[in-house]
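Listed here are the chains, written in short residue letters.
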Amino acid sequence: MSRAVIGHNGPPAFESGEDFPEDMPKMHYFKCDIQALRKAIFDKPLDIRGAYISVLLAMYEFMEPLPADDNIARMRCGIWDMRVYRRIKRDLIAMKLIAEKPSGAITNGRFEEEIAAYVTEFKNRKLGGLYAVQSRPSKPVVAVATHVARPELGDSYGVANPVAKAVAKPELDPHLSEKTNEINGGPDIRARDLELEIERELKKKKEREAPATQIAPPPEALDEKKVRRRKKLTEDWLLPKALGEWALANFHVSEAEVRHEAKRFKDHWLASGEQKLDWAATWRKWCRSPYLKWREREGRATEIVDGDLLAPVETVVVDPWAEQRAEAARRRAEEDGA
Amino acid sequence: MRLDAEHVRKIAKATTKTRKGSKEIKFDIAFMTDAMDRLNLWERGLLMQALIKAGESPRPTAAQRALLALFVYGGEK
């Protein structure tokens, strides 16, 4: 069950925590196979069970086998009596729950596997992140090794290569990938890692040095934007003549009523301060409002062409006595003629 | 974490199955080390026994779930 030394063809073996990458984070948890643990310790006395779990925890906490120095190992396990520790160590080794390395360090097979898997996963993730940055440009990266099955070597070549597995990119040219794999012939992770780091740094530097260029929008787009902008009603606003005529033509109202409503309209929107996209449409809506109770003329529904209503325009000059004056003039002409 | 539903969620998050079909539980190293420091060897063995029984049980009791939920790893805080 336990394994003191892991062979060179197996997962990577670590003698101490110093063998790990510097930036590798500490393990937060350890996976425990409940059934295996039960089988291993349930027929043992309680203190042996407690000591076994303490040894395991000490190894996981420091991410290295227990040191050969009994005093340090005892402290890490939280066992205060040296004699007790030595007895426990002897018993655990005899039960094959732990094993002593040639260096004298105490280890456990399951612990070695977990640590190896943790380190491999960390390295893969790190490299995966680097390769993800590299693979963004559309052109294939020659330095990237892809996972290609090689029957002549057995598929184990690709499978055993965690880096190749992590960076498999199906969109790369298969011919190039195969060739790359042949050239690499078992990738040198460190060299490629360094190469990729340098390339990434260069790319970052280039991005920093490049001036921030802003593409100016086409003039049409600006005009469109200008037209679409909402505007407030200004203090000097006067009802455009066209809108006054539109109201007279579409409703049974007099010019005085239109003038009065124009004043109300202006005061209302000046007071509210709202911005509108189309003031002509606002006026038309105002006139049709049921609160106003203006009666619409039938068959005279005409629309006017919208202009820029906020520009100062000619006001509606409507003479309320025009008809009477015309009538009086006609009568005078008749009388004169008679 | 005082409700049973939270215990269940935490345990479910920390429990996986191996290829062989056995149950694997992620134990929080820091919490377990702190707890072990307060116990003697015999008590540690008893605690492990309780944890193994709780982990193995197909339908753990509320007390077993609470005990297990204390020691399993609940993710980054």
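See above for the structure.
Because the structure is a prediction, the values reported are computed rather than measured.

A. Quick peek at the overall build of chain A. Regarding its fold elements, chain A presents 14 helices and 5 strands. Counting only contacts in chain A whose residues sit at least 6 apart along the sequence, the fraction spanning at least 24 positions is 72%. Carbon and sulfur atoms form 54% of the exposed surface of chain A, whose accessible area is close to 21,700 Å².

B. Looking closely at the packing of aromatic side chains. Residues and elements named next belong to chain A. Under the counting rule described, the total for this entry stands at 13 aromatic pairs over all chains. Between the aromatic rings of Y60 and F111, the centroid separation amounts to 5.3 Å while the plane-to-plane angle is 75°, which identifies the pairing as edge-to-face. A residue pair is termed long-range when its members are at least 10 positions apart, and Y60 in helix α2 (residues 46-62) and F111 in helix α5 (residues 109-134) qualify at 51 residues. Both rings, one in F265 and one in W283, keep their centres 5.3 Å apart while their planes meet at 90°; by these two values the pair is edge-to-face. In this pair, F265 sits in helix α12 (residues 255-272) while W283 sits in helix α13 (residues 279-288), placing the two residues 18 residues apart along the sequence. Across the pair, exposure class does not vary: F265 and W283 are buried alike. A cation sits over an aromatic face here: R38 above F42, 4.6 Å from the ring centre. Over the aromatic face of F62 sits the side chain of R76, whose NZ or CZ is 4.1 Å from the ring centroid.

C. Quick look at the pairing of strand β2 (residues 23-28) of chain B. With 5 of 6 residues buried, β2(B) is to be regarded as a mostly interior element. Where strand β1 (residues 29-33) of chain A and β2(B) come together, 5 bridges link them in antiparallel fashion. By the bridge assignment for β2(B), D33(A) is matched with E24(B). As paired elements, strand β1 (residues 15-17) of chain B and β2(B) share 3 bridges and run antiparallel to each other. Its bridge partner being in β2(B), K17(B) is matched across the sheet by K23(B). In this antiparallel pair of consecutive strands, β1(B) and β2(B), the connection spans 5 residues, and G21(B) shows a positive phi of 95°.

D. Local environment of the packing of helix α1 (residues 34-41) of chain A against helix α3 (residues 41-56) of chain B. Where α1(A) meets α3(B), the axes come as close as 10 Å, and the angle between the chain directions of the two elements is 140°. In terms of orientation, α1(A) lies oblique with respect to α3(B). In the packing of α1(A) onto α3(B), the handedness of the crossing is left-handed. Contact with α1(A), carried on its side by I34(A), Q35(A), L37(A), R38(A) and I41(A), involves M48(B), I52(B), G55(B) and E56(B) of α3(B) and no other residues of that element. Each residue belonging to the contact of α1(A) with α3(B) can be placed in one class, and the counts come to 5 nonpolar, 2 polar and 2 charged.

About the thresholds
- Residues numbered from 1 in each chain as written.
- Chains lettered and ligands numbered in written order.
- Predicted model: local features only at pLDDT ≥ 70, side-chain atom pairs only at ≥ 80, totals over all residues.
- Heavy atoms only, no water.
- Helix = DSSP H or I, 4+ residues; strand = E, 2+ residues; numbered from the N terminus.
- Contact = heavy atoms within 4.5 Å.
- Areas by Shrake-Rupley, 256 points an atom, 1.4 Å probe, with all protein chains shown as cover.
- Phe/Tyr/Trp six-rings, centres within 6.5 Å; stacked < 30°, edge-to-face > 60°.
- Buried < 20%, exposed > 50% of the residue type's maximum accessible area, 1.4 Å probe, protein only.
- Lys NZ or Arg CZ within 6 Å of the ring centre and 35° of its normal.
- Pairing = 2+ DSSP bridges.
- Axes fitted to C-alpha atoms, helices over the stretch in contact; angles between N-to-C directions.
- Parallel < 35°, antiparallel > 145°, perpendicular 65-115°, else oblique.
- Left-handed = near helix turned anticlockwise from the far one by under 90°.
- Nonpolar A, V, L, I, M, F, W, Y, C, P; charged D, E, K, R; others polar.

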